[in-house]
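Each chain is listed here by its residues.
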Amino acid sequence: MTFGSGGSSVVGSPLFDFFNDPPALTSAFCLIAYRFCYLSILCVLLGYVQFFDLGLWVPVVSLRLGHIDYLSFYAVPRNFRLLEELERGEKGIGDGTVSYGMDDGDDIYMRSWTGTIIGPHNTVHEGRIYQLKLFCDKDYPEKPPSVRFHSRINMTCVNHETGVVEPKKFGLLANWQREYTMEDILTQLKKEMAVPHNRKLVQPPEGTYF
Ligand SMILES: *[C@@H]1O[C@H](CO)[C@@H](O)[C@H](O)[C@H]1NC(C)=O
């Protein structure tokens, strides 16, 4: 490979050193120029990556920049994911006994959600409508949302005072993986209502709330 006229090699040319060997730059001006160019190139890359919504690349570029905050580390994949879930929730899931939607359409972070589960057949929960609150913090889906029942329920994995679904007693939250969705949580909670140790528990009156 040649550079310019005369057939001189690129290796060893000032341009080559500029990007690959910064300590070789002697003047302060060159060093500043080097840093400036380096950051600009990465910023352009970052914009490029975000433009095409290639979420996977963002953490790599952010790490190299070193000063991009925690939120942008996750922001693109997170918002992408929640928009997908929102769309799916609006279409309606399966037989309609499980559903969810966003609480506040104006929240750009899409944090607060309401879920609904209709109690499964042949259990004390049959026909009851349970409302739940799900909160997807900024580290979702790397971390699970916090989940609590709004409607009162007597169930082993639910705190009797607060309605919080306790991760330690609910496997899906305890062993959370980023592929899991709010739909998975609600579906699994519905199954949990029908397991032998939950299906016959004495329940609080219908229509009461935590
Ligand atoms: C939950 O069910 C158990 C067993 O039926 C009962 O002893 C307990 O009082 C119930 N708890 C609440 C808060 O209703």
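Residues numbered from 1 in each chain as written. Predicted model: local features only at pLDDT ≥ 70, side-chain atom pairs only at ≥ 80, totals over all residues.

Under an unreviewed UniProt entry, the name given to the protein chain is UBC core domain-containing protein, and the organism recorded is Populus tomentosa. According to UniProt, the comment filed for the protein chain under the heading Subunit (unreviewed entry) is "Heterodimer with UBC35 or UBC36." (UniProt positions renumbered as here; feature names shortened; annotations may be inferred.)

Draft legend 1. Summary view of the overall build of the protein chain. Helix and strand content of the protein chain: seven helices and four strands. In the protein chain, the succession of helices and strands from N to C terminus is α-α-α-α-β-β-β-β-α-α-α. Within the span of the protein chain, comprising 210 residues, buried residues form 18% of the whole. Look at the contacts in the protein chain between residues 6 or more apart in sequence, and 41% of them connect residues 24 or more apart. (Helix = DSSP H or I, 4+ residues; strand = E, 2+ residues; numbered from the N terminus. Buried ≥ 20, exposed ≤ 12 C-beta atoms within 10 Å, placed from the backbone. Contact = placed C-beta atoms within 7 Å.)

Draft legend 2. Focus on the environment of lysine 169. Tracing the backbone shows lysine 169 in the loop between strand 4 (146–149) and helix 5 (171–174). Given 14 C-beta atoms within 10 Å, lysine 169 falls into the partly exposed group. Residues lysine 169 and valine 158 lie eleven residues apart in sequence; the distance between their C-alpha atoms is 8.2 Å. Leave out the neighbours within four places in its chain, and lysine 169 touches Thr156 and Cys157.

Draft legend 3. Expanded view of the sheet that holds strand 1 (residues 98–102). Spatial strand order, 1-2-3-4: four strands in an open sheet with antiparallel pairing. If you trace the sheet from one side to the other, it starts and ends with strand 1 and strand 4, each paired once. Put simply, the sheet's adjacent strands are angled 20° from each other on average, direction ignored. Note: strand 2 (residues 112–118) against strand 3 (residues 129–135), seven bridges, orientation antiparallel. Each bridged residue has a counterpart across the sheet, and for threonine 114 the counterpart in strand 3 is lysine 133. (Pairing = 2+ DSSP bridges. Axes fitted to C-alpha atoms, helices over the stretch in contact; angles between N-to-C directions.)

Draft legend 4. Geometry of the site of the ligand. Inspection of the region around the ligand gives Asn154, His160, Leu201, Val202 and Pro204 as its neighbouring residues. A per-class count over the shell around the ligand returns three nonpolar, two polar and no charged. (Near = placed C-beta within 6 Å. Nonpolar A, V, L, I, M, F, W, Y, C, P; charged D, E, K, R; others polar.)

Draft legend 5. View of helix 6 (residues 182–193). With twelve residues, helix 6 should reach 16 Å at 1.5 Å per residue; the first-to-last C-alpha distance of 17 Å fits that figure. All of the buried residues in helix 6 are Met182, Ile185, Leu186, Leu189, Glu192 and Met193. Seen end-on, helix 6 carries its buried residues on one side only, within an arc spanning 120°. (Expected span 1.5 Å × (residues − 1). Arc of directions from axis to C-beta.)

Draft legend 6. A look at the nonpolar core. Core analysis: the biggest nonpolar cluster contains 24 residues, and Ile117, Leu132, Leu134, Val147, Met182, Ile185 and Leu186 have the highest contact counts within it. Looking at this core element by element, the count peaks at five residues for helix 6. Dropping the residues within four chain positions of it, valine 147 is found in contact with Leu132, Leu134, Val165, Leu173 and Ile185. (Core = buried A, V, L, I, M, F, W, Y, C linked by C-beta atoms within 7 Å.)

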